[in-house]
Amino acid sequence: MSGKPKLHYFNGRGRMESIRWLLAAAGVEFEECFLETKDDLTKLQKDGSLLFQQVPMVEIDGMKMVQSRAIGNYIATKYNLYGKDLKERALIDMYVEAIIDLNELLMTHTFQPADKKEQHFATIVDKATNRYFPVYEKVLKDHGQDFLVGNQFSRADVQLLETLLMAEECKPDILAKFPLLQSFKARISNIPTIKKFLQPGSQRKPPLQEKDVPKLMKIFH
């Protein structure tokens, strides 16, 4: 039996993408088992693999882990991406929770009805540029270091980069007023494990397209 983590989800970003990013950043190879039909999900539910009947689910270290935050915490701790002490971990948690809030907005954009898309897009841009990005820009300016917390690479850096790139897919010039975040993006993208994950052919998933939504609905509803 392979010792690699095994990820159970659909073949797309969703709530598994941040987990893929963390494993890739840690240099950990992983396998993926894609849900293609509702029957695939039902099978996992019926055989007791899903504690709360939901995916993402990750098989790792003899466990079948669910709940994306719990999975992320475990991976970050196991691979030393969670700071040097409790205070650093608290900072990382605060930064990551805010990143997740923005990520949720970005992820759900494709699912908005046509008449709500424009307003939803405006909300994304407003919150990204007025609530979230200024905080990270200030953090980098105040301590003058390469990484968000403790001057060492952590899950906060990984997940911020993931979300910066998603935001740029949504609006290419969204970082125009944030020079330190632009530098941060270039710097973190050049870390060898991240650089590899950003190459074509990696297990990173492309943005969800509207044409993919009906297939997802058939799996999950």
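Let me sum up the structure you'll find in this document. (Residues numbered from 1 in each chain as written. Predicted model: local features only at pLDDT ≥ 70, side-chain atom pairs only at ≥ 80, totals over all residues. Heavy atoms only, no water.)

1. Concerning the pattern of salt bridges
Then, number 1: On inspection of all chains with the given rule, the structure shows 17 salt bridges.
Then, number 2: Among the ionic pairs, D142 bridges to K138, the shortest N-O distance being 2.6 Å. One end of the pair is D142 and the other is K138, both in helix 5 (residues 114-143) and four residues apart, which spans about a single turn.
Then, number 3: In the salt-bridge network here, residues are joined through shared partners; they are E17, R20, E32 and K205. (Salt bridge = Lys/Arg side-chain N within 4 Å of Asp/Glu carboxyl O. Helix = DSSP H or I, 4+ residues; strand = E, 2+ residues; numbered from the N terminus.)

2. Points about the packing of aromatic side chains
Then, number 1: Inspection of every chain in the model, using the stated rule, returns six aromatic pairs.
Then, number 2: Each ring, one from F10 and one from F220, has its centre 5.9 Å from the other, and the planes form 75 degrees; the classification is edge-to-face. Pair noted here: F10 is in the loop between strand 1 (6-9) and helix 1 (17-25) and F220 is in helix 9 (residues 213-220), with a separation of 210 residues, a long-range link.
Then, number 3: What makes F220 partly exposed here is its relative accessible area of 28%.
Then, number 4: Ring centres of W21 and F197 lie 5.2 Å apart, and the angle between their planes is 80 degrees; this geometry places the pair in the edge-to-face category. Pair noted here: W21 is in helix 1 and F197 is in helix 8 (residues 192-197), with a separation of 176 residues, a long-range link.
Then, number 5: F197 gets classed as buried once you look at its relative accessible area, which sits at 5%.
Then, number 6: Among the aromatic residues, those joined into a cluster by ring pairs are Y9, F10 and F220.
Then, number 7: Across from the ring centre of Y82, 4.0 Å away, lies the NZ or CZ of R89, which sits over that ring.
Then, number 8: Over the ring of Y82 we find R155; its NZ or CZ atom is 5.3 Å from the centre of that ring. (Phe/Tyr/Trp six-rings, centres within 6.5 Å; stacked < 30°, edge-to-face > 60°. Buried < 20%, exposed > 50% of the residue type's maximum accessible area, 1.4 Å probe, protein only. Lys NZ or Arg CZ within 6 Å of the ring centre and 35° of its normal.)

3. Overview of the packing of helix 6 (residues 155-170) against helix 7 (residues 179-189)
Packed helices, taken two at a time, are described by the angle between their axes plus the distance between the axes.
Then, number 1: At their nearest, the axes of helix 6 and helix 7 sit 10 Å apart, and the two run at 115 degrees to each other. With respect to their mutual orientation, helix 6 and helix 7 come out roughly perpendicular. Where helix 6 crosses over helix 7, the handedness of that crossing is left-handed. When helix 6 is examined against helix 7, the residues D157, L160, L161, L164, L165 and E168 are found in contact with a partner set consisting of L181, F184, K185, I188 and S189.
Then, number 2: When the residues that make up the contact of helix 6 with helix 7 are grouped by side-chain class, the tally is seven nonpolar, one polar and three charged. (Axes fitted to C-alpha atoms, helices over the stretch in contact; angles between N-to-C directions. Parallel < 35°, antiparallel > 145°, perpendicular 65-115°, else oblique. Left-handed = near helix turned anticlockwise from the far one by under 90°. Contact = heavy atoms within 4.5 Å. Nonpolar A, V, L, I, M, F, W, Y, C, P; charged D, E, K, R; others polar.)

4. Looking at the nonpolar core
Then, number 1: Ranked by internal contacts, the top residues of the largest apolar core, which has 68 residues, are F133, Y136, L148, F153, L160 and L181.
Then, number 2: Ranked by the residues each element gives to this core, the list is headed by helix 4 (residues 86-108), at ten residues.
Then, number 3: Sequence-distant contacts of F153, defined by excluding residues within four places in its chain, comprise A25, N80, L81, F147, V158, I188, I191 and I194. (Core = buried A, V, L, I, M, F, W, Y, C linked by side-chain atoms within 4.5 Å.)

5. Considerations on the side chain of H109
Then, number 1: Tracing the sequence through the fold places H109 in the loop between helix 4 and helix 5.
Then, number 2: H109 sits in the buried class, given a relative accessible area of 17%.
Then, number 3: If we skip the residues at most four places from it in the chain, H109 touches K117, H120, F121 and I124.

6. Structural notes on empty space enclosed by the protein
Then, number 1: Scanning all chains against the criterion turns up one cavity of 30 Å³ or more.
Then, number 2: Roughly 200 Å³ of internal volume is contained in the largest cavity.
Then, number 3: Along the walls of the largest cavity sit 16 residues, with R15, S18, S68, I100 and Q159 positioned nearest its centre. (1 Å grid on protein atoms, 1.4 Å probe; cavity = no way out; pocket = protein on both sides within 12 Å on 5 of 7 lines; lining within 4 Å. Points joined across faces, edges and corners; volume = space filled by probe spheres on them.)

7. As for the layout of surface pockets
Then, number 1: Roughly 870 Å³ of internal volume is contained in the largest pocket.
Then, number 2: Residue lining of the largest pocket: 31 residues in total, with Y9, G14, R15, M107 and F111 positioned closest to the centre.
Then, number 3: The class makeup of the residues in the lining of the largest pocket is 16 nonpolar, ten polar and five charged.
Then, number 4: The volume enclosed by the second largest pocket comes to roughly 250 Å³.
Then, number 5: What lines the second largest pocket is A24, G27, V28, E29, F30, T193, K196, F197, Q199, S202 and Q203.

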